[in-house]
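Examination of the molecular architecture
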Amino acid sequence: MRAPELVLHVGFQQTGVTMLQRALCRLRPQLHRHGIGLLDGSSLAGLESVEGWQCKKTDPKAARAFEREFAELVAEEEAEVARQCAGGVRRLVVSSAHLLGRQNVNRRDGRPFRRLAVPAVAQAIRALGPPRVRVVLYTRRQDRLMEFCYLREIQKGRAHTFGRQFPHRLEPVFDYHELLGRLESLAEVEEVRVRPFELVGSSAARYTDDFLTALGLDGQLDLAPLGTDLAPYRVYSRQALRIALDINPLLESDRDRRLVRDFLIERFPGTDEDATRFLPTYERARILDSYAQVNRDLFERYMPDLPPHAYASDEATDRLAATRPGDPDDLKGGAARDAHVAGDGNSVSKPTPDFRASVRGLPGRGTLLQRSVWLTALRLRTRAKARITWLTNLRG
Amino acid sequence: MVQQDVVYHVGAHKTASSLLQKFMRDNREILRQNRIGCLSRGEMNDYVGWGKKLLTHPENLEHRITEALADPWYRTLVISHENTLGPPFKEGAAHLYPRGPELVEQLARALQPWPSRVFLYVRPQDEFVESYYLQRVHQGHRLSFTEWLDEIDLESLSWQPLMDALTEHFGPERVEVVDFGLIRQGQNEFIADFLRRIDPETQIEPDYRPVRNPSISDKGLKIALAANKHLRNDWERKAMRTFLQKHFSNRRYARPALFSEKQKVWIRARYAREYEQLTGCVLSPAQDVEDAGS
C-alpha cells in the first residue's frame, strides 16, 4: 500500500500545541472518515523505544528500534482509519513539538537553533517512507515566547532569573527562518506552512480551523465536538510570579510544588497579557530589535499574506490577534504603519539597505563570515543604543 | 422579675475565643431556650473595637445591652470580645495588655447598671507569645519571630496587672480566670465548661462541629513570610492562610521552632507561680496545644 502523505505539526513550543492536539483528538472520528490519521506526541512518548527518538541524542540501534515501533503504531492508526474510510489513509498527521528537539526553551538553545530538528524529522520520514511531507509550524514572537517559557519553568517550581534561562535573549537565537530552511533541505519536505500563533491562538476553534486548512479540510468538519472547555495553558499573574519566585526555593517535593502551583493559578490567575508583559520595555525593545531582520525574512518568505513587520512591535502583533483570518487586506492595511519607527520604546528601526543587501538572496542567508559580521554589527549597535539611553537617563 | 446579668468574656487572644463566639452564633436558639442571649462578634467591633470606642463612647455599649435585655425572657446576656482589652503587646510595656487596666475601668463603668461577671482565659506565656506571633503572620506580617520578639520584653509578660485591674473594678468574686489548657479535653467539653460557668444549671450539651484551625508548620511559616509582602488585601491573606493551614500544617510537617527550649524553660520558670495562683494549674513542661478556632 502506498504510504500516506505525512503532515508534521512541529509546534513550536508554547503555541498551544497541547490545546490543538486535544482539539484534533475530539475530531478524530471525523478525521478518520476523511481518511486522515492522527498521532500526537503522547502516543510517541509512550512507546517502549522512545529513547531512540532522535529528538534528543541517541544511538543508532535505539533509533532503529524506535522507527520500527513508530511504524507499527502508524500501521495501527492506518488500519483504524481504513475501517472508517473506504479510500484508506490519504494523510497522516503527527503532532509533537518534540519533532524540533526534546528540550525546554532555555539557555541551551544556541546555534543552530533546535539542532536536532532535522534528525528527528528525517527519522519520521525514514520510518514511514511517505511520498510527501508537509511541515506545519506555528510561531510565537520571540520575546513573548521567552516570557511564556520562563513562566512555565517558574510554574514547575523553579526560581531562577529570566536572564539565567535566556542568556542569549539579545541575540536572534530563535531564528525560525533559518530552522525552516534546514527542514526544507530534506528532500521529502515539499511544503512548509508557517502561521503566527498570535493570529489563530485566541480560541480552540479558530486554531483548529486554521490547522484543518493545512490538511485541506477547511470548512469540512463540524467543530461542535470541540466544546467550550479547551483552553490554553493557564498561567500565573505577575503577582503570582513574584510570590512563586520567593516561595519556590522553599519547596522540596513535587507534591508541594504542585500544590503551590495549583493554588497560585487558582487564586492569582493571569491572562496571556500578564504572561507576556513582565519584560521591561527597554529590554523588549532590544530583543525585538535583534530579531527584526530574521522575523521580517520569516514573514516575507513563509507568510507573504501577512505584514512583514507583524513581529516588529506590540501594536503590529496585537493587530494579528484582532484580525479575522482570510482578511489579508485588513492585515496588510497596517503594514505601512508598521514599517516605520513609532518611537514608543517597543519599536525597532529598519536595517540599512546596505546591511540587508549583504544577506538577501543568498543561499542559507549568507556565508558564515557574512553572518558573523552581521551579528557583531548588531551586537555593537545594540550596546551603543543601550549606552546612549543610560547616559541620557543619567543626565536627566 | 428575674434578675438579669451580663457575662463579659474578654479573651485573652489565642484562647479559643472564636470557637466560643461561633458556637454562640450558630446556636442562638438553643441559648435562647436556656434564657441566654448574646451579642455578636461583629457588633462588638462597632461598640468596643480595640478599646478606643469603649473609651470615647461607652454609652453605645450601654444602650445596646439595655436593648438586648429589654426582653425579660433573658436571664443572662453573654458578650465575647477579645479585643476589649486592646493589643496584648506593646514595645516598652510593663505587662501584657498594657492598656488593659484603663479599659477594664471603663468597662466596669459601662456594665455598672447590671450584675456582671468577667471571664478571662489565659495560657502560659510562651504559648501565648508564639501563638500570637503566628496569628500576626497570618494577618500579613513579615517579621521573623526573632525580629518580632525584639519588640517584646520577656520579663514583662505578667498576667497579674490585668488580673489586679479586673478584681479591683469588678470584685474578685465576679472574675473568673480559666486555663486554656482545658481545650485538651476537647472542644465540646471546652464549650460546655464555658456554658456551665455562665449558668451552673445549664442543660446544654454541646455537640459542635469541630472548628479545625490547625497551626502551620515551620515550612508553612517560611512560605507565609516569603509570600506576605506580595499580598495586597485581606482576601488574599485569608486565601493564603487557608491554603497553608490545609497543606502545610504541623500535622504534616514539623512545628515552627520559635522559642528555643532554653527560652521556654526560662519563661515557664519565671511565671509558674503566678500562673498557678491565677488558674490553680501547675505549669508542666511546655506541651503544645492546638489552636482551636482562635
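Residues numbered from 1 in each chain as written. Chains lettered and ligands numbered in written order. Predicted model: local features only at pLDDT ≥ 70, side-chain atom pairs only at ≥ 80, totals over all residues. Heavy atoms only, no water.

1. Looking at the overall build of chain B
Test applied: Elements are defined by DSSP. Helices are runs of H or I of four residues or more, strands are runs of E of two residues or more, and each kind is numbered from the N terminus. Throughout, radius of gyration means the C-alpha value; the globule benchmark is 2.2 Å times the number of residues raised to the power 0.38. Each residue gets one of three labels from its accessible area relative to the maximum for its type: buried under 20%, exposed over 50%, partly exposed in between, using a 1.4 Å probe on protein chains only. The contact rule is simple, with two residues in contact once any of their heavy atoms fall within 4.5 Å. Using the Shrake-Rupley algorithm and a 1.4 Å probe, accessible areas are obtained, with residue cover drawn only from the displayed protein chains. Positive residues here are Lys and Arg, negative ones are Asp and Glu, while His and the chain termini are left out of the count. Every charge is mapped onto a representative atom, which is NZ of Lys, CZ of Arg, CG of Asp or CD of Glu.
Broken down by element type, chain B carries 13 helices and five strands. Against the 2.2 N^0.38 benchmark of 19 Å for 294 residues, chain B shows a C-alpha radius of gyration of 19 Å, consistent with a compact globule. Counting only C-alpha atoms, chain B reaches 60 × 35 × 35 Å along its principal axes. Burial analysis of chain B (294 residues in total) assigns 59% to the buried set. Of the contacts formed within chain B by residues at least 6 apart in sequence, a portion of 81% connects residues at least 24 apart. Of the roughly 13,600 Å² of accessible surface on chain B, 47% is carried by carbon and sulfur atoms. If the 40 positive side-chain charges of chain B are averaged to one point and the 41 negative ones to another, these points end up 7 Å apart.

2. A closer look at the overall build of chain A
If you tally the helices and strands in chain A, you get 19 helices and five strands. Within chain A, buried positions represent 53% of all 396 residues. Within chain A, residue pairs in contact and separated by at least 24 positions form 78% of the contacts whose partners lie at least 6 positions apart.

3. Details of the interface of chain A and chain B
This is how it is decided: For any pair of parts, buried area is found by adding up, for both, the accessible area (1.4 Å probe) each one loses once the two are put together. Between Lys or Arg on one side and Asp or Glu on the other, a salt bridge is scored when a side-chain nitrogen of the former is within 4 Å of a carboxyl oxygen of the latter. We define a polar contact as two N or O atoms separated by no more than 3.5 Å, with the added condition that, inside protein, one atom must be a possible hydrogen donor and the other a possible acceptor, whereas residues neighbouring each other in sequence contribute only through side-chain atom pairs. Basically, the charged four are Asp, Glu, Lys and Arg, the nonpolar ten are Ala, Val, Leu, Ile, Met, Phe, Trp, Tyr, Cys and Pro, and anything else, Gly included, counts as polar.
With 15 residues of chain A in contact, the opposing surface of chain B contributes 18 residues. Roughly 1,500 Å² is buried in total at the junction of chain A and chain B, and carbon and sulfur atoms are behind 66% of that figure. Of the charged contacts, one joins Asp-246 of chain A and Lys-229 of chain B as a salt bridge, the two residues approaching to 3.3 Å between their closest N and O atoms. Taken together, chain A and chain B are joined by 10 residue pairs in polar contact (both at pLDDT 80 or more). Listing elements by their share of the side of chain A that touches chain B, those giving two or more residues are helix H11 (238–247) and helix H12 (254–267) of chain A. The biggest single contributor to the side of chain A that touches chain B is H12 of chain A, with six residues. Tallied by class, the residues present in the side of chain A that touches chain B amount to eight nonpolar, one polar and six charged.

4. A few points about the nonpolar core
Here is the rule we go by: The definition of a nonpolar core used throughout is a set of buried Ala, Val, Leu, Ile, Met, Phe, Trp, Tyr and Cys residues joined through side-chain atoms within 4.5 Å.
Counting residues in each nonpolar core, the largest one holds 170 residues, and the members touching the most others are Leu-31 and Phe-70 of chain A together with Trp-159 of chain B. The contacts of Phe-70 of chain A, once residues within four sequence positions are left out, are Leu-39, Leu-44, Leu-47, Val-94, Ala-124, Ala-127 and Leu-128 of chain A. Grouped together as the second largest cluster of nonpolar side chains are 23 residues, Phe-23, Met-24, Phe-190 and Ile-198 of chain B included.

5. With respect to the sheet that holds strand E4 (residues 116–122) of chain B
All names here are of chain B. Spelled out, the test is: Only strands that DSSP links by at least two bridges are regarded as paired with each other. Fitted lines through C-alpha atoms give the axes, limited to the stretch in contact for helices. The angle between two N-to-C directions lies from 0 to 180 degrees.
On the basis of which strands lie adjacent, the open sheet formed by five strands has the order E2-E3-E1-E4-E5 and parallel pairing. Looking at strand neighbours, the two that pair on one side only are strand E2 (36–39) and strand E5 (175–179), the edges of this open sheet. Each neighbouring strand pair of the sheet contributes to a mean axis angle of 20°, computed without reference to strand direction. In this structure, strand E1 (residues 5–9) lies alongside E4, joined through four bridges in parallel fashion. Residue Val-6 lies in a different strand from E4, and its bridge partner there is Ser-116. Across the face of the sheet, helix H13 (residues 261–279) comes into contact with E4 and E5 while running at roughly 125° to E5.

6. Thoughts on helix H1 (residues 17–26) of chain B
Residue pairs three or four apart in sequence face the same way in an α-helix, which turns once every 3.6 residues. A large share of H1 of chain B lies buried, amounting to seven of its 10 residues. What H1 of chain B keeps buried is the set Ser-17, Ser-18, Leu-19, Leu-20, Gln-21, Phe-23 and Met-24 of chain B.

7. Let's talk about H11 of chain A
Of the positions making up H11 of chain A, those classed as buried are Gln-239, Ala-240, Leu-241, Ile-243, Ala-244 and Ile-247 of chain A. Those residues of H11 of chain A hidden inside the fold are in contact with helix H6 (142–155) and H12 of chain A together with helix H11 (218–228) and helix H12 (234–247) of chain B.

8. Some words on the packing of aromatic side chains
Defined as follows: Ring pairs are drawn from Phe, Tyr and Trp, using the six-membered ring of Trp, whenever the two centres fall within 6.5 Å, and their geometry is named by plane angle: stacked under 30 degrees, edge-to-face over 60, tilted for the rest. The rule for a charge over a ring is simple: NZ of Lys or CZ of Arg within 6 Å of the ring centre, and within 35 degrees of the ring normal.
Applying the stated criterion across every chain, the model contains 33 aromatic pairs over all chains. With a centroid separation of 6.4 Å and 50° between ring planes, the pair formed by Tyr-121 of chain B and Phe-194 of chain B is classed as tilted. Here the residue Tyr-121 of chain B occupies a position in strand E4, and Phe-194 of chain B occupies one in helix H10 (residues 187–198), the gap between them amounting to 73 residues. Here Tyr-121 of chain B falls in the buried class, since its relative accessible area comes to 0%. For Phe-194 of chain B, a relative accessible area of 1% corresponds to the buried category. Taken together, the aromatic side chains of Phe-89, Tyr-97, Phe-128, Tyr-132, Tyr-133, Phe-145, Trp-148, Trp-159 and Phe-259 of chain B make up a single cluster linked through ring pairs. Sitting above the plane of the Phe-148 of chain A ring, Arg-140 of chain A keeps its charged end 3.7 Å from the centroid.

9. Quick look at the pattern of salt bridges
Residues and elements named next belong to chain B. Applying the stated criterion across every chain, the model contains 48 salt bridges over all chains. For Asp-199, the salt bridge identified is with Arg-75, shortest N-O distance 3.7 Å. Separated by 124 residues along the polypeptide, Asp-199 in the loop between H10 and H11 and Arg-75 in the loop between helix H5 (58–68) and strand E3 (76–80) bring together distant segments of the chain. With a relative accessible area of 15%, Asp-199 lands in the buried category. Note that Asp-193 and Arg-197 form a salt bridge whose closest N and O atoms lie 2.7 Å from each other. One end of the pair, Asp-193, and the other, Arg-197, are both in helix H10, four residues apart, so they sit about a helical turn from each other. On the accessibility criterion, Asp-193 (11% relative accessible area) is buried.

10. Looking at the pairing of E3 of chain B
On a regular strand, one side chain projects to one face of the sheet and the next to the other, so that they alternate. Residues and elements named next belong to chain B. Of all the five residues making up E3, five are buried; the element is thus mostly covered by neighbouring parts of the structure. Alternating positions in E3 separate into two faces, Thr-76, Val-78 and Ser-80 on one and Leu-77 and Ile-79 on the other, with burial throughout. Of the strand pairs in this sheet, E1 and E3 are connected by five bridges, and their pairing is parallel. Paired with His-9 across the bridge in E3 is Ser-80. Summarising the sheet, E2 and E3 pair through four bridges and their orientation is parallel.

11. Structural notes on a negative patch on the surface
Residue and element names in this part refer to chain B. Selection rule: Patch rule: a residue counts if its relative accessible area is over 30% and it has no salt bridge; like charges are joined within 9 Å, and nonpolar side chains (Val, Leu, Ile, Met, Phe, Trp, Tyr) within 5 Å.
A cluster of acidic side chains, namely Glu-91, Glu-147, Asp-150 and Glu-151, defines a negative patch on the protein surface. Assignment of secondary structure puts Glu-147 in helix H8 (residues 145–149). Among the residues examined, Glu-147 registers a relative accessible area of 41% and is labelled partly exposed.

12. Quick look at the sheet that holds strand E4 (residues 133–139) of chain A
All names here are of chain A. Spatial strand order, E2-E3-E1-E4-E5: five strands in an open sheet with parallel pairing. On the outer flanks of this sheet lie strand E2 (36–40) and strand E5 (189–196), each paired with one strand and no other. In this sheet, adjacent strand axes meet at a mean angle of 15° when their direction is disregarded. Sheet analysis places E2 next to strand E3 (residues 91–95), joined by five bridges and oriented parallel. Across the sheet, the residue bridging to Leu-39 is Val-94, located in E3. Contacting E4 and E5, helix H8 (residues 176–184) runs over the sheet at an angle of about 160° to E5. In the packing of helix H10 (residues 204–214) onto the sheet, contacts are made with strand E1 (5–9), E3, E4 and E5, and the angle to E4 comes to roughly 155°.

13. A short note on unusual backbone geometry
Note that the residue after Gly-11 of chain A, namely Phe-12 of chain A, is joined by a cis bond; omega there is 20°. Positive phi, normally seen in glycine, also occurs at Lys-14 of chain B, with a value near 60°. Along the polypeptide, Lys-14 of chain B turns up in the loop between E1 and H1.

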